[in-house]
Amino acid sequence: MKILNIAIQGVPGSFHHQVALTKFGEETKILSFNTFEPVAKSVANGEADFAVMAIENSIAGAIFPNYELLDRYELTIRDEFYLPIAHQLMALPGQTLRDIKEVRSHPMALLQCKAFFAEHPDIELKEDIDTAAVAKQISSENWKGIGAIASTIAADIYSLEILAKDIQTVKSNFTRFFILQKQKESLDYIPNKASIKVTLKNEKGVLAKLLTLMSENDLDLSKIQSVPVIHKPWEYSFFIDTVFENHEVFKSTMENIQKNFGEVKIFGEYISRK
């Protein structure tokens, strides 16, 4: 049985790492990168079989640069995964919250714990590349007075002590991840969700007509995000997630949009996990 190479942003103990092990099993080989671009590149060049990439959070919203990576590297969405996010404040053992003068973590994690730190204004917050990477560095460098926001698993892996549990502002906090691959393949299932990009013609009322068409064909929009088209002032593309019951109607609607409204790019057709 082939051992799969799975690319993630982050180190062991990160949320991406959790999703990778849950989706592909403990026997997979994890390829860790500091940022998202080499994650996408590793799939595009065949180094990784799949990638796990966060795309949006229920509190902080979309991670828009990752949509651009998905588009630029011509990746295909194989599946989506929703992970409940619980943030723990951790530090070297033997310290209390009063000893912590600085907390480092990924910007998303800091944003999701904003209310907690509003009650602790003496703690300085610093952005870092990854939640678990900070936990690892605190452990390896024996940093006292510095805390990390990361998962319970990260605290276990790096032998840190949790000083405050579940500090995220909203307790029902989820991050949505895409499972990405290089090649499109024939589906052995009937999808009910798709992620697409539509680049509309620069015509009056075209967006309204597009949305009306999708509604009339029972394509529900679960997400729509606009982005300017580079080198074409006042023209826009739209990243859209749509949920549907009839796959054939979805395909015919995409053909209609391509013919009458603008260019359509389908990033992936998959099963809705929400």
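Residues numbered from 1 in each chain as written. Predicted model: local features only at pLDDT ≥ 70, side-chain atom pairs only at ≥ 80, totals over all residues. Heavy atoms only, no water.

Asks: Honestly, the overall build of the protein chain in this entry has me stumped. Any pointers?
Replies: Along the protein chain, the regular secondary structure elements total nine helices and 15 strands. Each principal axis of the C-alpha distribution contributes one length, and for the protein chain these read about 65 × 50 × 35 Å. Across the 274 residues of the protein chain, 49% fall into the buried class. Put simply, 75% of the contacts in the protein chain that link residues at least 6 apart link residues at least 24 apart. Accessible surface, the protein chain as shown: approximately 14,100 Å² in total, 51% of it carbon and sulfur. Here the protein chain holds 30 positive side-chain charges and 36 negative ones, and the gap between their average locations is 3 Å. (Helix = DSSP H or I, 4+ residues; strand = E, 2+ residues; numbered from the N terminus. Buried < 20%, exposed > 50% of the residue type's maximum accessible area, 1.4 Å probe, protein only. Contact = heavy atoms within 4.5 Å. Areas by Shrake-Rupley, 256 points an atom, 1.4 Å probe, with all protein chains shown as cover. Lys, Arg positive; Asp, Glu negative; His and termini not counted. Charge placed at Lys NZ, Arg CZ, Asp CG, Glu CD.)

Asks: What is the right way to read the packing of aromatic side chains from this model?
Replies: Geometrically, a pair of aromatic rings is defined through the distance of the ring centres and the angle of the planes. Enumeration according to the criterion identifies eight aromatic pairs in this entry. Taken together, the aromatic side chains of Phe64, Tyr67, Phe239 and Phe267 make up a single cluster linked through ring pairs. (Phe/Tyr/Trp six-rings, centres within 6.5 Å; stacked < 30°, edge-to-face > 60°.)

Asks: Please clarify how the packing of helix α2 (residues 36–44) against helix α3 (residues 64–72) should be interpreted in this entry.
Replies: Angle between the axes and distance between the axes: these two values describe a pair of packed helices. At a minimum axis separation of 10 Å, α2 and α3 run at an interaxial angle of 20°. Considering the angle they form, α2 stands roughly parallel to α3. Our pair here, α2 against α3, has a crossing hand that is right-handed. Of the residues in α3, those in contact with Phe36, Glu37 and Ala40 of α2 are Asn66, Leu69 and Arg72. Tallied by class, the residues present in the contact of α2 with α3 amount to three nonpolar, one polar and two charged. (Axes fitted to C-alpha atoms, helices over the stretch in contact; angles between N-to-C directions. Parallel < 35°, antiparallel > 145°, perpendicular 65-115°, else oblique. Left-handed = near helix turned anticlockwise from the far one by under 90°. Nonpolar A, V, L, I, M, F, W, Y, C, P; charged D, E, K, R; others polar.)

Asks: Just checking my understanding: could you explain the pattern of salt bridges for this structure?
Replies: If you walk through the whole model with that rule in mind, you get 17 salt bridges. The salt bridge partner of Glu102 is Arg104, with a shortest N-O separation of 2.4 Å. Classification of Glu102 as buried rests on a relative accessible area of 11%. Taking the shortest distance from any N to any O, the salt bridge between Asp241 and Arg176 comes out at 2.6 Å. Here Asp241 is found in strand β14 (residues 236–243), whereas its partner Arg176 is found in strand β11 (residues 174–181), with 65 residues between them in sequence. Beyond isolated ion pairs, a larger network of salt bridges with shared partners links Glu56, Glu80, Arg176, Lys193, Lys223 and Asp241. (Salt bridge = Lys/Arg side-chain N within 4 Å of Asp/Glu carboxyl O.)

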